[in-house]
Amino acid sequence: MSGEGQDEARWRSRVQRERSARKEAERLLEAKSIELYEANEALRKLAADLELRVKERTEELRRREATFSTLFDKSLDGILLNDIDGNITAVNPQLVRMLGYPSERLCEMSVRDLHPPEALATCGAAFREVRETGSARFECRFRRSDGSEFPAEVSASKFDLAGTPMVQGVVRDISARQRAERELREAKEEAERASEAKSLFLANMSHEIRTPMNGIIGVAELLGTTALDPEQTDLVETISRSGETLLEIINDILDLSKIESGKLELETTDFALAECVERALAAVTPAASTKGIEMTCEIAPDVPDALVGDPVRLRQILTNLLSNAVKFTAEGEVGLAIDCAPAASEDRCALRFEIRDTGIGIAPESHDKLFENFSQVDASTTRHYGGTGLGLAICKRLCDLMGGEISLRSKLGSGSTFRVDLTFGLTAEPPAPAFRRGQFEGRTALVVDDHPTNRRVLADQCRYLGFSVATHPSAHPLMDDPELASGYDLLLLDMQMPDIDGLQLAIALRGHLADRRGPPMALVTSLGNFEGRSAEDWPFAAQLFKPVLIHNLAAVCRRLLDTGPAPQKPAESAGDHRRPLRVLVAEDNPINRRVALKMLERLGHEAGSVDDGHAAVSAVTADPSAYDAVLMDIQMPGLSGTEATAAIAARVPTPERPAIIALTADALKEDRERYLACGMDGFLTKPLRIGDLERALAAHTAPRPDRAPA
Ligand code: ADP
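Every value quoted in this text rests on a predicted model; they were computed, and no experiment measured them. Note that residues are indexed from 1 along each chain, following the sequence as it is written. Two thresholds apply to this predicted model, a pLDDT of at least 70 for residue-level local features and 80 or more for giving and counting side-chain atom pairs, whereas whole-chain, interface and lining totals are computed over all residues. Only hydrogens and water are set aside when side-chain values are computed; all heavy atoms of the structure are taken into account.

**Student:** A description of the overall build of the protein should follow, citing residues and the corresponding values.
**Tutor:** Strands here mean DSSP runs of E at least two residues long; helices mean DSSP runs of H or I at least four residues long; both are numbered from the N terminus. Each helix and strand in the protein was counted, giving 19 helices and 22 strands. Throughout, radius of gyration means the C-alpha value; the globule benchmark is 2.2 Å times the number of residues raised to the power 0.38. In summary, the protein has a C-alpha radius of gyration of 49 Å against a globular reference of 27 Å for 710 residues, an excess of more than 25%. Once the C-alpha set of the protein is aligned to its principal axes, its extents read approximately 200 × 75 × 55 Å. A buried classification covers 40% of the 710 residues belonging to the protein. Relative accessibility under 20% of the residue-type maximum defines a buried residue, over 50% an exposed one, and the middle range a partly exposed one, all with a 1.4 Å probe and only protein chains included.

See below:
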């Protein structure tokens, strides 16, 4: 190839190379441009994203700030922030309103400037507690810009604000709450004062009423012992009965006021259950027998007799329920049943008393309200039967006080059963039991009684004592064949039976067995006492009062079967062995003085009187041997009975001074203790009863070693 050809070929190839290099460069440029565009796009998207997030975040922050500032601004409590030294850095509008300072002024103050000086100690202690434990809640007084003050409850807590410890305090004005509390307290105190005044009024009223009652009951009793014709006797009895009824009402009112004012204290003393029950029954059996209602009493044999508790209040509950039962029953029976529930503990027993009647009954909707004060089933019942509606309320309160319960099962027209559950202590060393199961094992008894419940109870009691028992519902079989009676060891004959009564039956049996010694006969009766009759017209060896309690039955059986029938000892006539006493009556009320003097005269004693405490002290100290006893009224003007007694006791040694017996309208337990502590020997409650007076004089003037002449 020529040189020219060679140059051209080189040139061509160079052009060729440059062309492909340029193409390559263009391709690279294009690729880079695309890459750049894409990167740019991504960057733009990122920026937009970021912008959105910033916007959202700003929005949320704004919302949160609005929430918190609403909470802060609209709070009903005052809120403040302060540093750890107490310098205030922020306050909410409510705190501004509460304190009356502008907020800028508050933010220049210390928390210490917000309180009166006497509150600073409390606030300082609370502030220390916040620093140590992180929080505190306390009450203290705040002082406003105008110097007035208000009470507040503060809750303070410590927190960290960007590395700086701060304290937040929430202040709540409690003036209204404290005012309401104060008003409530004052209202309560006012109510208590009113109730106290009511109780005092009732106590005073019943004391005031009791004084003339003493005159009425005492004089009626004295009048009853004089020679009267039948009409006069009837009138005097009416006065006595009305007086007793009035007295019961006064006692109820007084009891209730004592219970309501918390002044009724229970006694804790050893007592015999049977005796307590007997006394409750004795109070209502006369009314029951007048109405022809059978009374029954069943004490389960495992019920312990020697108890510790308050026999007076137990008797009051039982008497109340039994007399209601008799009052609201026209015919049929009233029964008392006593059971022993499983022992509460070794030294306590749980007793259940049920008082059943076959009377008018009580509709279920009235049950609960009957135990409230002054509540009766309806006005017509009250008009028909009388009563105050206090009896059951008192029973309920007494049961509550004794830690027991009272409940009722009854339907209108089908009788009522009141149930009382009470626990009592057991006497540490109980006396030997009055009877034993099976104690008359091998003996036989015949019970003649027309009343099914009484017949069953009497037969059960005999069986418990060990007798083999036969029963008859009437006297007829024995009248027809008197020989039937001769096979028994003991005959128990009911007095009130239709056709032939117990007395007629016994006389007939004695006539039939005249020449032989028949079994001893005991009369079972709710009528008056037949004792003291001569053996000729009296075929019975003993009498038992209905409802018969097993210990009385056992005592009669022991007497009749262990020693054979013996004529009964005539009842000891009270007072016949007493010597005439010289008695001084110290009493300011002329009627009461007269009643006491008359009763003493009736008892055959020699009596003088003084009308105040000073005169009593002078009379006794002038010649201590002039009197055997002093009846000392408690409430006398000038010198009270207790003061007079203390004065006598201070001047005359015990063996030389007469017995001093308090005369009191109402003997609370603490009063009795006070009487004995000031030197009195005993007490008598008004209205004075001649029998009580006689017993008290006998008890306290009996020759005692410490009364023997020196
Ligand atoms: P009082 O008998 O003095 O009215 P209580 O509180 O003892 O007051 O009795 C309240 C009322 O309960 C009686 O008035 C009577 O309506 C009713 N009540 C109480 N016991 C009985 C009963 N055994 N049978 C029927 N009603 C009774």
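**Student:** Hey, could you go over the nonpolar core for me, with residue numbers and the actual values?
**Tutor:** What is meant by a nonpolar core is a set of buried Ala, Val, Leu, Ile, Met, Phe, Trp, Tyr and Cys residues, joined one to another through side-chain atoms within 4.5 Å. In this structure, L273, L314, L336, F353 and F424 are the most contacted members of the largest nonpolar core, which totals 50 residues. Those residues within four positions of L273 in sequence are excluded, and the remaining contacts are V303, P304, D305, L307, L314, I338, L351 and F353. Contacts: residue pairs with any heavy atoms within 4.5 Å of one another.

**Student:** Just give me the short version of empty space enclosed by the protein, but keep the residues and values in it.
**Tutor:** Here the term cavity refers to a set of points on a 1 Å grid, laid over the protein atoms alone, in which a 1.4 Å probe fits but cannot get out; the term pocket refers to an open set having protein on both sides within 12 Å along at least five of seven lines, with lining residues being those that place an atom within 4 Å of a point. Grid points are joined across faces, edges and corners, and a volume is the space filled by probe spheres set on the points. Going through the model one piece at a time under the given rule, you end up with two cavities of 30 Å³ or more. Empty space within the largest cavity amounts to approximately 60 Å³. Every residue along the wall of the largest cavity is listed here: T296, C297, D449, N454, V457, L458, Q461, V524, K546, P547 and V548. Put simply, the parts of the chain that give the lining of the largest cavity at least two residues each are β7 (294-299) and α11 (452-464). At four residues, the largest contribution of residues to the lining of the largest cavity is made by α11. Note on residue classes: Ala, Val, Leu, Ile, Met, Phe, Trp, Tyr, Cys and Pro are nonpolar, Asp, Glu, Lys and Arg are charged, and everything else, Gly too, is polar. In the lining of the largest cavity, the residues fall into six nonpolar, three polar and two charged. In this model, the second largest cavity occupies a volume close to 30 Å³. Of the residues that constitute the lining of the second largest cavity, the class distribution is five nonpolar, one polar and no charged.

**Student:** How would you summarise the sheet that holds strand β3 (residues 135-143) if you had to cite specific residues and measurements?
**Tutor:** In this scheme, strands are said to pair when DSSP sees at least two bridges between them. A sheet is described by the order of its strands in space; here five strands give the open sequence β2-β1-β5-β4-β3, paired in antiparallel fashion. The open sheet has two edge strands with one neighbour each: β2 (88-91) and β3. Between one strand axis and the next, the sheet turns through 30° on average, direction left out of account. Relative to strand β5 (residues 164-173), strand β1 (residues 78-83) runs antiparallel, the two sharing six bridges. In the sheet register, L80 faces β5, and the bridge partner there is G169. The strands that helix α4 (residues 120-133) touches are β1, β3, β4 (149-161) and β5; relative to β3, the one it contacts most, it runs at about 155°. Fitted lines through C-alpha atoms give the axes, limited to the stretch in contact for helices. The angle between two N-to-C directions lies from 0 to 180 degrees.

**Student:** How would you summarise unusual backbone geometry if you had to cite specific residues and measurements?
**Tutor:** Residue P547 is bonded to the preceding K546 through a cis peptide linkage, with omega at -10°. At the junction of K686 and P687, the peptide bond is cis and its omega measures out at 0° in the coordinates. Among the structural elements, P687 can be located in the loop between β22 (682-685) and α19 (690-701). Not every positive phi belongs to a glycine, and A162 is a case in point at roughly 50°.

**Student:** Report on the pairing of strand β10 (residues 348-357), specifying residues and quantitative values.
**Tutor:** Counting buried positions over the 10 residues of β10 gives seven, a clear majority of the element. Examined bridge by bridge, β10 and strand β12 (residues 416-426) share 10 bridges and lie antiparallel to one another. Across the sheet, residue R356 finds its bridge partner in β12, namely T417.

**Student:** Explain the sheet that holds strand β18 (residues 582-586) residue by residue, including any values.
**Tutor:** Across the sheet, which stays open at both edges, the five strands sit in the order β19-β18-β20-β21-β22 with parallel pairing between neighbours. Edge positions in the sheet fall to β19 (606-610) and β22, since each has one partner strand and no second. Looking at each pair of strands side by side, their axes are set apart by 25° on average, direction ignored. Relative to β19, β18 runs parallel, the two sharing five bridges. By the bridge assignment, V583 is partnered in β19 with A607. Most of the contacts of helix α16 (residues 613-622) go to β18, to which it runs at about 160°, and overall it touches β18, β19 and β20 (629-633). Most of the contacts of helix α17 (residues 641-651) go to β20, to which it runs at about 145°, and overall it touches β20 and β21 (659-664).

**Student:** Give a description of the environment of T269 that names residues and reports values.
**Tutor:** Its place among the elements puts T269 in strand β6 (residues 269-272). Taking the relative accessible area as the measure of exposure, T269 reaches 29% and is therefore partly exposed. Once residues within four sequence positions are removed from consideration, T269 is found in contact with L307, V308, G309 and P311.

**Student:** Describe the pairing of β1, with residues and values.
**Tutor:** With six of its six residues buried, β1 lies for the most part within the structure. Along β1, one buried face is formed by G78, L80 and N82 and the opposite face, lined by I79, L81 and D83, is buried too. Across three bridges, β1 lies against β2 in antiparallel orientation. Note on β2: the bridge partner recorded for N82 is I88. The loop that links β1 with its antiparallel partner β2 comprises four residues; one of these, G86, has a positive phi angle of about 100°.

**Student:** Lay out a nonpolar patch on the surface in plain terms, naming residues and giving numbers.
**Tutor:** For patch detection, residues must exceed 30% relative accessible area and be free of salt bridges, and they are connected within 9 Å for like charges or within 5 Å for nonpolar side chains (Val, Leu, Ile, Met, Phe, Trp, Tyr). Areas reported as accessible are Shrake-Rupley estimates using a 1.4 Å probe. Residue values count occlusion only from the protein chains shown. Salt bridge, as used here: a side-chain nitrogen of Lys or Arg that lies within 4 Å of a carboxyl oxygen of Asp or Glu. Residues F201, M205 and I209 make up a contiguous nonpolar surface patch of roughly 260 Å² in combined accessible area. Relative to the elements of secondary structure, I209 occurs in helix α5 (residues 175-224).

**Student:** Tell me about α11, and please be specific about residues and values.
**Tutor:** One full turn of an α-helix is made of 3.6 residues, so residues set three or four places apart face in the same direction. Here the expected length of a helix is defined as 1.5 Å per residue gap, with one fewer gap than residues. Taking 1.5 Å as the rise per residue, α11 with 13 residues should run 18 Å; its terminal C-alpha atoms sit 18 Å apart, in good agreement. Positive backbone phi, approximately 110°, marks G466, located one or two places after α11.

**Student:** Before we move on, can you summarise the pattern of salt bridges with the specific residues and values?
**Tutor:** Summed over all chains, the structure comprises 31 salt bridges. A salt bridge links R141 to E149; its shortest N-O distance comes to 3.0 Å. Among the salt bridges present, the one from D628 reaches R582, with a minimum N-O distance of 3.2 Å. With D628 in the loop between α16 and β20 and R582 in strand β18, the pair connects residues that are 46 residues apart, well separated along the chain. Taking the relative accessible area as the measure of exposure, D628 reaches 16% and is therefore buried. On the basis of relative accessibility, which here comes to 32%, the residue R582 falls in the partly exposed class.

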